[in-house]
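# Overview (structure and organization)
So the chains spell out like this:
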Amino acid sequence: MLAYMDTEMEYYLGISPDKLNDRQWAEKWQQLMDIRKRESDGNLHFQ
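The structure reproduced in this document is the subject of the present report.

Calculation notes
- Residues numbered from 1 in each chain as written.
- Predicted model: local features only at pLDDT ≥ 70, side-chain atom pairs only at ≥ 80, totals over all residues.
- Heavy atoms only, no water.
- Helix = DSSP H or I, 4+ residues; strand = E, 2+ residues; numbered from the N terminus.
- Buried < 20%, exposed > 50% of the residue type's maximum accessible area, 1.4 Å probe, protein only.
- Lys, Arg positive; Asp, Glu negative; His and termini not counted.
- Salt bridge = Lys/Arg side-chain N within 4 Å of Asp/Glu carboxyl O.
- Contact = heavy atoms within 4.5 Å.
- Polar contact = N/O pair within 3.5 Å; in protein donor to acceptor, adjacent residues only side chain to side chain.

Mapped onto the secondary structure, Glu8 falls in helix α1 (residues 2–13). Buried Glu8, no salt bridge; nearest opposite-charge side chain is Arg36, N-O distance 4.9 Å. Discounting chain neighbours no more than four positions away, the residues touching Glu8 are Leu13, Trp29 and Leu32.

Written out as structure tokens, the structure reads:
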């Protein structure tokens, strides 16, 4: 499952998750999940 999550970060964010520490990885994962949710909701306005 973790490898799949890393692949999503590479694909959607264009970053290499292997270069992130655990805190950075978790932060980027949460950001990606927020972006994907906003996309699915049709709400791409960020504040």
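Summed over all chains, the structure comprises 4 salt bridges. Measuring nitrogen to oxygen at the nearest pair gives 2.8 Å for the salt bridge that ties Asp41 to Lys37. Residue Asp41 and its partner Lys37 are located together in helix α2 (residues 22–41), separated by 4 residues, close to a single helical turn.

As for its position among the elements, Asp6 is in helix α1. Although Asp6 is buried, it forms no salt bridge, and the closest oppositely charged side chain is Lys19 at an N-O distance of 13 Å. At 2.7 Å, the side chain of Asp6 forms a polar contact with the side chain of Trp25. Setting aside residues up to four positions removed in sequence, Asp6 forms contacts with Pro17, Asp18 and Trp25.

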